[in-house]
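# Observations on the model geometry
Residues per chain are reported as follows:
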Amino acid sequence: MAWDFETDPEYQQELDWVADFVKTEVEPLGFLIKHGYDMSDPVRNALIKPLQEKVKARGLWACHLGPELGGRGYGQVKLALLNEILGRAPWASIVFGCQAPDSGNAEILAHYGTPEQKEQWLEPLLDNEIVSCFSMTEPQGGADPKVFTTRAVQDGDEWVITGEKWFSSHASFSSFLIVMAVTDPDNPPYQQMSMFIVPTDSPGVEIIRDVGLGYEQAGHGTHAYMRYNDVRVPAANMLGDRGGAFVVAQTRLGGGRIHHAMRTVGQVQKAFDMMCERAVSRTTQGELLGKKQLVQGMIADSWIELEQFRLLVMRTAWRIDKYKDYKRVRKDISAVKAAMPKVFHDVAARALQIHGSLGVSEEMPFSAMVIESFHMGLADGPTEVHKVTVARQVLSEYQPAPGLFPTGHIPTRREAVLAQYADVIERAVEQL
Ligand SMILES: Cc1cc2nc3c(=O)[nH]c(=O)nc-3n(C[C@H](O)[C@H](O)[C@H](O)COP(=O)(O)OP(=O)(O)OC[C@H]3O[C@@H](n4cnc5c(N)ncnc54)[C@H](O)[C@@H]3O)c2cc1C
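Rules used throughout
- Residues numbered from 1 in each chain as written.
- Predicted model: local features only at pLDDT ≥ 70, side-chain atom pairs only at ≥ 80, totals over all residues.
- Heavy atoms only, no water.
- Patch = residues over 30% accessible without salt bridge, like charges linked within 9 Å, V, L, I, M, F, W, Y side chains within 5 Å.
- Areas by Shrake-Rupley, 256 points an atom, 1.4 Å probe, with all protein chains shown as cover.
- Salt bridge = Lys/Arg side-chain N within 4 Å of Asp/Glu carboxyl O.
- Helix = DSSP H or I, 4+ residues; strand = E, 2+ residues; numbered from the N terminus.
- Buried < 20%, exposed > 50% of the residue type's maximum accessible area, 1.4 Å probe, protein only.
- Near = heavy atom within 4 Å.
- Polar contact = N/O pair within 3.5 Å; in protein donor to acceptor, adjacent residues only side chain to side chain.
- Phe/Tyr/Trp six-rings, centres within 6.5 Å; stacked < 30°, edge-to-face > 60°.
- Lys NZ or Arg CZ within 6 Å of the ring centre and 35° of its normal.

## Section: a nonpolar patch on the surface
A cluster of nonpolar side chains, namely Val417, Leu418, Tyr421, Val424, Ile425, Val429 and Leu432, defines an oily patch on the protein surface of about 690 Å² accessible area. For the nonpolar patch, the secondary-structure elements that each account for two or more residues are α14 (410–420) and α15 (422–430). For the nonpolar patch, the leading source of residues is α15, giving 3 residues. Along the chain, Ile425 falls in helix α15. Residue classification places Ile425 among the partly exposed residues on the basis of a relative accessible area of 40%.

## Section: the site of the ligand
Around the ligand, the surrounding shell holds 15 residues, and the nearest of these are Phe134, Thr137, Phe167, Ser169 and Glu384. The backbone of Gly142 places a nitrogen or oxygen atom 2.8 Å from an oxygen atom of the ligand. Between Phe167 and the ligand, the recorded distance is 3.3 Å, taken from a backbone N or O atom to a nitrogen atom. For the ligand, the accessible surface in isolation is 980 Å², of which the surrounding protein chains cover 66%.

## Remarks on unusual backbone geometry
The omega angle of the peptide bond from Ala100 to Pro101 is 0°, so this bond is cis rather than trans. As for its placement among the helices and strands, Pro101 is situated in the loop between α5 (92–95) and α6 (102–112). At His170, a position not held by glycine, the phi torsion is positive, near 65°. Within the secondary structure, His170 sits in the loop between β3 (158–169) and β4 (176–182). With a relative accessible area of 9%, His170 lands in the buried category. Positioned with a positive phi, Gln285 is a non-glycine residue whose angle comes to about 45°. Given the relative accessible area of 74%, Gln285 is considered exposed.

## Things to note about the packing of aromatic side chains
Tallied over the entire structure, the rule returns 9 aromatic pairs. On the numbers, 5.4 Å between centres and 55° between planes, the contact of Trp159 with Phe196 is tilted. Of this pair, Trp159 sits in strand β3 while Phe196 sits in strand β5 (residues 193–199), placing them 37 residues apart in sequence. Across this residue pair, the class does not change: Trp159 and Phe196 are buried. Seen in terms of ring centroids, Trp166 and Tyr225 are 5.5 Å apart; in terms of plane orientation they differ by 80°. Their pairing is edge-to-face. Taken together, the residues Trp166 in strand β3 and Tyr225 in strand β7 (residues 223–234) connect sequence positions 59 residues apart. For Tyr225, a relative accessible area of 15% puts it in the buried group. Positioned above the aromatic ring of Tyr11 is the side chain of Lys78, whose terminal nitrogen or guanidinium carbon lies 4.8 Å from the ring centre. Sitting above the plane of the Phe148 ring, Lys165 keeps its charged end 4.8 Å from the centroid.

This is the structure:
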(Lines give C-alpha, C1' and ligand atoms only; values in the text may rest on other atoms or scores of the structure.)
Protein backbone atom coordinates (compact mmCIF):
# COMPACT_ATOMS: atom_id res chain seq x y z
CA MET A 1 0.00 0.00 0.00
CA ALA A 2 1.43 3.36 -1.01
CA TRP A 3 -1.15 5.75 0.48
CA ASP A 4 0.65 7.78 3.11
CA PHE A 5 -0.14 11.13 4.73
CA GLU A 6 3.03 11.39 6.82
CA THR A 7 6.21 13.39 6.34
CA ASP A 8 9.46 11.54 6.85
CA PRO A 9 11.11 12.56 10.15
CA GLU A 10 14.25 13.94 8.52
CA TYR A 11 12.32 16.36 6.30
CA GLN A 12 9.95 17.17 9.16
CA GLN A 13 12.99 18.46 11.08
CA GLU A 14 13.72 20.86 8.22
CA LEU A 15 10.08 21.97 8.17
CA ASP A 16 10.15 22.56 11.93
CA TRP A 17 13.23 24.75 11.50
CA VAL A 18 11.51 26.68 8.68
CA ALA A 19 8.31 27.16 10.72
CA ASP A 20 10.23 28.57 13.67
CA PHE A 21 12.48 30.75 11.48
CA VAL A 22 9.51 32.16 9.54
CA LYS A 23 7.57 32.92 12.72
CA THR A 24 10.38 34.54 14.67
CA GLU A 25 12.57 36.16 12.00
CA VAL A 26 10.61 36.52 8.74
CA GLU A 27 7.09 37.52 9.86
CA PRO A 28 8.43 40.70 11.57
CA LEU A 29 9.66 41.96 8.16
CA GLY A 30 6.03 42.73 7.31
CA PHE A 31 6.18 45.56 9.87
CA LEU A 32 9.67 46.78 9.01
CA ILE A 33 10.00 47.08 5.23
CA LYS A 34 7.85 48.78 2.61
CA HIS A 35 8.32 46.33 -0.24
CA GLY A 36 10.37 43.15 -0.35
CA TYR A 37 11.17 43.60 -4.06
CA ASP A 38 12.55 47.14 -3.71
CA MET A 39 16.29 46.50 -4.07
CA SER A 40 17.02 50.24 -3.73
CA ASP A 41 15.74 50.31 -0.12
CA PRO A 42 18.73 50.06 2.27
CA VAL A 43 16.48 48.98 5.18
CA ARG A 44 15.11 46.13 3.05
CA ASN A 45 18.61 45.00 2.12
CA ALA A 46 19.96 45.29 5.67
CA LEU A 47 17.13 43.11 7.01
CA ILE A 48 16.56 40.60 4.22
CA LYS A 49 20.11 39.74 3.14
CA PRO A 50 21.24 38.23 6.48
CA LEU A 51 18.09 36.10 6.55
CA GLN A 52 18.77 34.91 3.00
CA GLU A 53 22.29 33.93 4.13
CA LYS A 54 20.81 31.82 6.94
CA VAL A 55 18.54 30.05 4.47
CA LYS A 56 21.49 29.41 2.14
CA ALA A 57 23.59 28.09 5.02
CA ARG A 58 20.75 25.71 5.89
CA GLY A 59 20.68 24.50 2.27
CA LEU A 60 17.10 25.67 1.69
CA TRP A 61 17.73 28.43 -0.88
CA ALA A 62 15.61 28.22 -4.07
CA CYS A 63 14.55 24.64 -3.37
CA HIS A 64 12.31 24.62 -6.44
CA LEU A 65 15.36 24.68 -8.72
CA GLY A 66 17.19 21.63 -9.97
CA PRO A 67 20.76 21.03 -8.71
CA GLU A 68 22.14 22.33 -12.05
CA LEU A 69 20.85 25.78 -11.05
CA GLY A 70 21.97 25.57 -7.43
CA GLY A 71 18.71 24.26 -5.94
CA ARG A 72 17.85 21.06 -4.14
CA GLY A 73 15.58 19.69 -6.87
CA TYR A 74 12.88 19.05 -4.32
CA GLY A 75 9.80 17.46 -5.83
CA GLN A 76 6.46 19.24 -5.62
CA VAL A 77 5.25 17.34 -2.54
CA LYS A 78 8.24 18.55 -0.51
CA LEU A 79 7.78 22.04 -1.96
CA ALA A 80 4.09 22.00 -0.99
CA LEU A 81 4.95 21.31 2.64
CA LEU A 82 7.60 24.04 2.59
CA ASN A 83 5.56 26.62 0.69
CA GLU A 84 2.55 26.38 2.96
CA ILE A 85 4.79 27.62 5.77
CA LEU A 86 6.23 30.40 3.58
CA GLY A 87 2.68 31.52 2.72
CA ARG A 88 2.23 32.74 6.28
CA ALA A 89 4.69 35.65 6.01
CA PRO A 90 4.56 38.37 3.35
CA TRP A 91 8.22 38.31 2.24
CA ALA A 92 9.13 34.72 3.09
CA SER A 93 9.40 33.60 -0.52
CA ILE A 94 12.04 36.30 -1.11
CA VAL A 95 13.97 35.17 1.95
CA PHE A 96 13.89 31.61 0.54
CA GLY A 97 14.68 32.62 -3.08
CA CYS A 98 11.46 31.37 -4.68
CA GLN A 99 9.41 34.53 -5.22
CA ALA A 100 7.10 35.13 -8.17
CA PRO A 101 7.45 36.27 -10.87
CA ASP A 102 11.24 35.83 -10.64
CA SER A 103 11.00 32.06 -10.15
CA GLY A 104 8.96 31.65 -13.36
CA ASN A 105 11.13 34.11 -15.28
CA ALA A 106 14.21 32.18 -14.15
CA GLU A 107 12.62 29.00 -15.51
CA ILE A 108 12.17 30.69 -18.89
CA LEU A 109 15.75 31.98 -18.93
CA ALA A 110 17.14 28.61 -17.88
CA HIS A 111 15.14 26.92 -20.63
CA TYR A 112 15.53 29.37 -23.51
CA GLY A 113 18.32 31.84 -22.64
CA THR A 114 21.72 31.91 -24.39
CA PRO A 115 24.84 31.37 -22.21
CA GLU A 116 25.44 35.16 -22.27
CA GLN A 117 21.85 35.92 -21.21
CA LYS A 118 22.10 33.40 -18.42
CA GLU A 119 25.26 35.04 -17.15
CA GLN A 120 23.82 38.55 -17.45
CA TRP A 121 20.29 37.95 -16.12
CA LEU A 122 19.74 34.46 -14.74
CA GLU A 123 22.63 34.24 -12.29
CA PRO A 124 21.93 37.57 -10.52
CA LEU A 125 18.20 36.77 -10.59
CA LEU A 126 18.76 33.43 -8.86
CA ASP A 127 20.91 35.20 -6.24
CA ASN A 128 18.21 37.88 -5.75
CA GLU A 129 20.73 40.57 -6.64
CA ILE A 130 18.13 41.81 -9.13
CA VAL A 131 14.39 41.31 -9.64
CA SER A 132 12.41 40.95 -12.86
CA CYS A 133 8.97 41.52 -14.36
CA PHE A 134 6.68 39.53 -16.65
CA SER A 135 4.96 42.02 -18.96
CA MET A 136 2.15 40.30 -20.82
CA THR A 137 -1.34 41.66 -19.97
CA GLU A 138 -2.56 44.68 -21.96
CA PRO A 139 -5.11 47.35 -21.00
CA GLN A 140 -7.69 46.03 -23.51
CA GLY A 141 -7.58 42.48 -22.14
CA GLY A 142 -5.59 39.90 -20.24
CA ALA A 143 -7.62 36.70 -20.23
CA ASP A 144 -7.63 36.62 -24.04
CA PRO A 145 -4.08 37.08 -25.34
CA LYS A 146 -5.43 37.09 -28.89
CA VAL A 147 -6.37 40.76 -28.35
CA PHE A 148 -2.79 41.83 -27.56
CA THR A 149 -1.50 44.52 -29.91
CA THR A 150 1.99 45.37 -28.61
CA ARG A 151 4.15 44.95 -31.72
CA ALA A 152 7.79 44.01 -32.25
CA VAL A 153 9.12 44.82 -35.70
CA GLN A 154 12.52 43.66 -36.91
CA ASP A 155 14.94 46.36 -38.00
CA GLY A 156 18.28 44.86 -39.01
CA ASP A 157 19.84 43.20 -35.97
CA GLU A 158 17.27 44.69 -33.62
CA TRP A 159 13.61 44.39 -32.70
CA VAL A 160 11.61 47.56 -32.09
CA ILE A 161 8.81 47.16 -29.51
CA THR A 162 5.80 49.49 -29.39
CA GLY A 163 2.63 49.25 -27.31
CA GLU A 164 1.09 49.30 -23.85
CA LYS A 165 1.07 46.74 -21.04
CA TRP A 166 -1.04 46.63 -17.90
CA PHE A 167 -0.40 45.21 -14.40
CA SER A 168 3.28 44.49 -15.07
CA SER A 169 4.02 43.69 -11.42
CA HIS A 170 7.29 45.02 -9.96
CA ALA A 171 8.38 46.68 -13.23
CA SER A 172 9.54 49.69 -11.20
CA PHE A 173 11.91 47.51 -9.17
CA SER A 174 13.03 45.32 -12.03
CA SER A 175 16.29 45.16 -13.96
CA PHE A 176 14.66 43.46 -16.93
CA LEU A 177 11.22 42.71 -18.31
CA ILE A 178 10.07 39.67 -20.22
CA VAL A 179 7.73 41.12 -22.82
CA MET A 180 5.25 39.33 -25.07
CA ALA A 181 4.80 41.09 -28.42
CA VAL A 182 3.20 40.41 -31.81
CA THR A 183 5.92 39.64 -34.36
CA ASP A 184 3.94 37.70 -36.95
CA PRO A 185 0.38 39.04 -37.23
CA ASP A 186 -0.39 36.84 -40.27
CA ASN A 187 0.32 33.57 -38.43
CA PRO A 188 -2.46 31.52 -36.78
CA PRO A 189 -3.56 33.25 -33.50
CA TYR A 190 -1.36 31.24 -31.12
CA GLN A 191 1.78 31.65 -33.26
CA GLN A 192 1.70 35.42 -33.71
CA MET A 193 3.70 36.45 -30.66
CA SER A 194 7.29 36.14 -29.45
CA MET A 195 8.93 36.73 -26.07
CA PHE A 196 11.74 39.26 -25.49
CA ILE A 197 14.13 40.23 -22.73
CA VAL A 198 13.98 44.02 -22.36
CA PRO A 199 16.39 45.71 -19.92
CA THR A 200 14.20 48.07 -17.88
CA ASP A 201 16.59 50.99 -18.40
CA SER A 202 16.27 50.73 -22.22
CA PRO A 203 15.38 54.06 -23.86
CA GLY A 204 11.62 54.22 -24.48
CA VAL A 205 10.53 52.03 -21.53
CA GLU A 206 7.97 54.20 -19.73
CA ILE A 207 6.07 53.49 -16.54
CA ILE A 208 2.89 55.55 -16.88
CA ARG A 209 1.90 54.82 -13.28
CA ASP A 210 2.09 52.11 -10.67
CA VAL A 211 -1.40 50.80 -9.94
CA GLY A 212 -2.25 49.58 -6.43
CA LEU A 213 -4.70 46.99 -5.13
CA GLY A 214 -7.88 48.04 -3.31
CA TYR A 215 -6.38 47.93 0.18
CA GLU A 216 -3.20 49.85 -0.74
CA GLN A 217 -2.85 53.59 -0.32
CA ALA A 218 -2.78 55.58 -3.57
CA GLY A 219 0.82 55.91 -4.74
CA HIS A 220 1.91 52.65 -3.08
CA GLY A 221 1.01 50.33 -5.96
CA THR A 222 3.50 48.11 -7.72
CA HIS A 223 1.56 46.90 -10.78
CA ALA A 224 2.81 49.05 -13.64
CA TYR A 225 0.78 50.49 -16.46
CA MET A 226 3.54 50.66 -19.07
CA ARG A 227 4.27 52.04 -22.49
CA TYR A 228 6.96 50.72 -24.82
CA ASN A 229 7.90 53.65 -27.06
CA ASP A 230 9.93 52.15 -29.95
CA VAL A 231 12.11 50.23 -27.51
CA ARG A 232 15.06 48.63 -29.30
CA VAL A 233 16.53 45.30 -28.23
CA PRO A 234 19.15 43.13 -29.97
CA ALA A 235 17.78 40.23 -32.06
CA ALA A 236 19.43 37.85 -29.57
CA ASN A 237 17.00 39.04 -26.88
CA MET A 238 14.19 36.93 -28.33
CA LEU A 239 13.48 34.06 -25.93
CA GLY A 240 12.40 30.82 -27.53
CA ASP A 241 11.27 30.55 -31.14
CA ARG A 242 9.81 33.34 -33.21
CA GLY A 243 6.03 33.02 -32.83
CA GLY A 244 6.58 30.77 -29.80
CA ALA A 245 5.53 33.10 -26.95
CA PHE A 246 2.66 30.85 -25.85
CA VAL A 247 4.97 27.87 -25.58
CA VAL A 248 7.44 29.95 -23.53
CA ALA A 249 4.65 31.33 -21.30
CA GLN A 250 3.43 27.81 -20.52
CA THR A 251 6.94 26.92 -19.27
CA ARG A 252 6.51 29.36 -16.40
CA LEU A 253 2.84 28.92 -15.62
CA GLY A 254 2.60 25.23 -14.70
CA GLY A 255 4.95 25.44 -11.72
CA GLY A 256 3.95 29.00 -10.82
CA ARG A 257 0.26 28.21 -10.39
CA ILE A 258 0.77 25.29 -8.07
CA HIS A 259 3.34 27.21 -5.98
CA HIS A 260 0.86 30.08 -5.51
CA ALA A 261 -1.68 27.50 -4.33
CA MET A 262 0.78 25.97 -1.87
CA ARG A 263 1.45 29.37 -0.31
CA THR A 264 -2.28 30.12 -0.30
CA VAL A 265 -2.80 27.08 1.94
CA GLY A 266 -0.59 28.91 4.46
CA GLN A 267 -2.54 32.15 4.11
CA VAL A 268 -5.87 30.40 4.57
CA GLN A 269 -4.50 28.57 7.61
CA LYS A 270 -3.42 31.92 9.05
CA ALA A 271 -6.91 33.42 8.61
CA PHE A 272 -8.40 30.26 10.10
CA ASP A 273 -6.10 30.38 13.14
CA MET A 274 -7.08 33.98 13.79
CA MET A 275 -10.77 33.08 13.45
CA CYS A 276 -10.46 30.28 16.00
CA GLU A 277 -8.45 32.39 18.44
CA ARG A 278 -11.19 35.03 18.35
CA ALA A 279 -13.91 32.41 18.78
CA VAL A 280 -12.35 31.22 22.03
CA SER A 281 -11.51 34.76 23.27
CA ARG A 282 -14.55 36.98 22.68
CA THR A 283 -17.78 36.70 24.59
CA THR A 284 -21.20 38.03 23.74
CA GLN A 285 -24.45 37.58 25.68
CA GLY A 286 -22.53 35.80 28.39
CA GLU A 287 -20.79 33.13 26.35
CA LEU A 288 -17.85 32.69 24.02
CA LEU A 289 -18.46 33.20 20.29
CA GLY A 290 -17.21 29.65 19.83
CA LYS A 291 -20.21 28.38 21.80
CA LYS A 292 -22.69 29.84 19.30
CA GLN A 293 -23.81 27.25 16.79
CA LEU A 294 -23.77 29.64 13.84
CA VAL A 295 -20.15 30.51 14.66
CA GLN A 296 -19.37 26.80 15.05
CA GLY A 297 -20.87 26.33 11.57
CA MET A 298 -18.43 28.90 10.17
CA ILE A 299 -15.51 27.21 11.88
CA ALA A 300 -16.51 23.74 10.70
CA ASP A 301 -17.09 24.91 7.11
CA SER A 302 -13.73 26.70 7.09
CA TRP A 303 -11.82 23.72 8.46
CA ILE A 304 -13.44 21.34 5.98
CA GLU A 305 -12.81 23.65 3.01
CA LEU A 306 -9.19 24.25 4.04
CA GLU A 307 -8.49 20.53 4.48
CA GLN A 308 -10.17 19.70 1.14
CA PHE A 309 -8.13 22.36 -0.63
CA ARG A 310 -4.89 21.27 1.00
CA LEU A 311 -5.50 17.66 -0.01
CA LEU A 312 -6.21 18.73 -3.60
CA VAL A 313 -2.96 20.72 -3.65
CA MET A 314 -0.99 17.81 -2.17
CA ARG A 315 -2.50 15.30 -4.58
CA THR A 316 -1.73 17.58 -7.53
CA ALA A 317 1.84 18.02 -6.29
CA TRP A 318 2.11 14.23 -6.03
CA ARG A 319 0.79 13.78 -9.57
CA ILE A 320 3.30 16.33 -10.92
CA ASP A 321 6.12 14.38 -9.25
CA LYS A 322 4.75 11.08 -10.53
CA TYR A 323 4.16 11.99 -14.18
CA LYS A 324 6.69 14.83 -14.62
CA ASP A 325 4.47 16.10 -17.41
CA TYR A 326 2.48 19.30 -16.93
CA LYS A 327 0.15 18.45 -19.82
CA ARG A 328 -0.96 15.31 -18.01
CA VAL A 329 -1.84 17.25 -14.84
CA ARG A 330 -3.48 20.25 -16.52
CA LYS A 331 -6.89 19.36 -15.15
CA ASP A 332 -5.50 19.02 -11.61
CA ILE A 333 -3.63 22.34 -11.77
CA SER A 334 -6.66 24.17 -13.18
CA ALA A 335 -8.85 22.62 -10.47
CA VAL A 336 -6.46 23.87 -7.78
CA LYS A 337 -6.32 27.29 -9.44
CA ALA A 338 -10.14 27.50 -9.55
CA ALA A 339 -10.60 26.29 -5.96
CA MET A 340 -7.95 28.62 -4.48
CA PRO A 341 -9.69 32.05 -4.63
CA LYS A 342 -12.94 30.65 -3.21
CA VAL A 343 -11.46 28.95 -0.17
CA PHE A 344 -9.22 31.96 0.54
CA HIS A 345 -12.12 34.40 0.12
CA ASP A 346 -14.61 32.41 2.18
CA VAL A 347 -12.31 31.69 5.12
CA ALA A 348 -10.92 35.26 5.20
CA ALA A 349 -14.46 36.71 4.98
CA ARG A 350 -15.67 34.52 7.86
CA ALA A 351 -12.62 35.46 9.93
CA LEU A 352 -13.43 39.12 9.23
CA GLN A 353 -17.07 38.62 10.23
CA ILE A 354 -16.20 36.89 13.51
CA HIS A 355 -13.92 39.84 14.41
CA GLY A 356 -16.81 42.30 13.92
CA SER A 357 -15.86 45.97 13.50
CA LEU A 358 -12.26 45.15 14.35
CA GLY A 359 -12.27 42.62 11.51
CA VAL A 360 -13.34 45.14 8.92
CA SER A 361 -10.84 47.76 10.11
CA GLU A 362 -7.36 48.37 8.75
CA GLU A 363 -6.04 47.13 12.09
CA MET A 364 -6.57 43.52 11.01
CA PRO A 365 -5.40 41.94 7.73
CA PHE A 366 -8.74 40.49 6.60
CA SER A 367 -9.84 43.10 4.07
CA ALA A 368 -6.40 42.78 2.40
CA MET A 369 -6.84 38.99 2.41
CA VAL A 370 -10.26 39.26 0.78
CA ILE A 371 -8.81 41.47 -2.00
CA GLU A 372 -5.84 39.10 -2.31
CA SER A 373 -8.30 36.24 -2.84
CA PHE A 374 -9.47 38.08 -5.98
CA HIS A 375 -5.82 38.47 -7.01
CA MET A 376 -5.60 34.66 -6.86
CA GLY A 377 -8.69 34.38 -9.06
CA LEU A 378 -7.27 36.70 -11.74
CA ALA A 379 -3.49 36.42 -12.04
CA ASP A 380 -2.33 33.49 -14.20
CA GLY A 381 -5.80 33.29 -15.74
CA PRO A 382 -9.29 33.97 -14.35
CA THR A 383 -11.15 31.24 -12.47
CA GLU A 384 -13.74 30.91 -15.25
CA VAL A 385 -11.06 29.98 -17.78
CA HIS A 386 -9.64 27.32 -15.45
CA LYS A 387 -13.08 25.89 -14.78
CA VAL A 388 -13.56 25.58 -18.54
CA THR A 389 -10.28 23.64 -18.73
CA VAL A 390 -11.38 21.31 -15.92
CA ALA A 391 -14.78 20.72 -17.49
CA ARG A 392 -13.38 20.10 -20.98
CA GLN A 393 -10.83 17.61 -19.68
CA VAL A 394 -13.40 15.85 -17.54
CA LEU A 395 -15.93 15.64 -20.39
CA SER A 396 -13.28 14.30 -22.79
CA GLU A 397 -13.21 11.17 -20.61
CA TYR A 398 -16.94 10.47 -21.21
CA GLN A 399 -18.80 8.81 -24.11
CA PRO A 400 -22.31 9.73 -25.31
CA ALA A 401 -25.14 7.35 -24.32
CA PRO A 402 -25.58 4.70 -27.03
CA GLY A 403 -29.38 4.99 -27.22
CA LEU A 404 -32.20 7.46 -26.76
CA PHE A 405 -32.20 7.20 -22.96
CA PRO A 406 -29.20 7.71 -20.63
CA THR A 407 -27.33 4.59 -19.48
CA GLY A 408 -28.66 5.29 -15.97
CA HIS A 409 -32.32 5.19 -17.12
CA ILE A 410 -34.01 2.83 -14.65
CA PRO A 411 -36.65 1.14 -16.87
CA THR A 412 -34.09 0.54 -19.65
CA ARG A 413 -31.58 -0.92 -17.18
CA ARG A 414 -34.23 -3.05 -15.50
CA GLU A 415 -35.31 -4.44 -18.87
CA ALA A 416 -31.71 -5.26 -19.82
CA VAL A 417 -30.98 -6.91 -16.48
CA LEU A 418 -34.19 -8.96 -16.60
CA ALA A 419 -33.25 -10.18 -20.08
CA GLN A 420 -29.70 -11.04 -18.88
CA TYR A 421 -30.95 -13.07 -15.90
CA ALA A 422 -34.16 -14.45 -17.49
CA ASP A 423 -32.90 -18.09 -17.48
CA VAL A 424 -31.74 -17.97 -13.87
CA ILE A 425 -35.00 -16.46 -12.68
CA GLU A 426 -37.06 -18.92 -14.76
CA ARG A 427 -35.19 -21.92 -13.28
CA ALA A 428 -35.52 -20.54 -9.76
CA VAL A 429 -39.25 -20.00 -10.20
CA GLU A 430 -39.69 -23.58 -11.59
CA GLN A 431 -38.19 -24.97 -8.37
CA LEU A 432 -40.76 -23.20 -6.19
C1 LIG B 1 -2.39 41.31 -8.43
C2 LIG B 1 -2.23 41.02 -9.89
C3 LIG B 1 -0.95 40.89 -10.42
C4 LIG B 1 -0.79 40.66 -11.78
N5 LIG B 1 0.49 40.60 -12.30
C6 LIG B 1 0.66 40.48 -13.63
C7 LIG B 1 1.98 40.49 -14.17
O8 LIG B 1 2.99 40.56 -13.45
N9 LIG B 1 2.11 40.45 -15.52
C10 LIG B 1 1.04 40.38 -16.35
O11 LIG B 1 1.24 40.34 -17.56
N12 LIG B 1 -0.23 40.36 -15.86
C13 LIG B 1 -0.44 40.42 -14.53
N14 LIG B 1 -1.73 40.42 -14.01
C15 LIG B 1 -2.85 40.46 -14.92
C16 LIG B 1 -3.63 39.15 -15.01
O17 LIG B 1 -2.91 38.22 -15.77
C18 LIG B 1 -4.99 39.52 -15.63
O19 LIG B 1 -5.70 40.26 -14.65
C20 LIG B 1 -5.79 38.32 -16.07
O21 LIG B 1 -5.19 37.66 -17.14
C22 LIG B 1 -7.20 38.78 -16.49
O23 LIG B 1 -7.13 39.79 -17.45
P24 LIG B 1 -7.94 41.17 -17.25
O25 LIG B 1 -7.62 41.69 -15.88
O26 LIG B 1 -7.66 42.04 -18.41
O27 LIG B 1 -9.44 40.75 -17.24
P28 LIG B 1 -10.37 40.43 -18.51
O29 LIG B 1 -9.59 39.66 -19.51
O30 LIG B 1 -11.03 41.68 -18.94
O31 LIG B 1 -11.43 39.48 -17.83
C32 LIG B 1 -12.35 40.05 -16.88
C33 LIG B 1 -13.25 38.99 -16.36
O34 LIG B 1 -14.02 38.43 -17.40
C35 LIG B 1 -14.33 37.08 -17.09
N36 LIG B 1 -13.80 36.23 -18.17
C37 LIG B 1 -12.66 36.39 -18.88
N38 LIG B 1 -12.50 35.36 -19.75
C39 LIG B 1 -13.57 34.55 -19.60
C40 LIG B 1 -13.99 33.33 -20.22
N41 LIG B 1 -13.24 32.73 -21.17
N42 LIG B 1 -15.15 32.77 -19.80
C43 LIG B 1 -15.91 33.35 -18.82
N44 LIG B 1 -15.55 34.50 -18.21
C45 LIG B 1 -14.40 35.09 -18.59
C46 LIG B 1 -13.65 36.76 -15.77
O47 LIG B 1 -14.57 36.99 -14.72
C48 LIG B 1 -12.55 37.79 -15.72
O49 LIG B 1 -12.09 38.07 -14.41
C50 LIG B 1 -1.92 40.56 -12.64
C51 LIG B 1 -3.20 40.67 -12.09
C52 LIG B 1 -3.37 40.88 -10.74
C53 LIG B 1 -4.76 41.02 -10.20
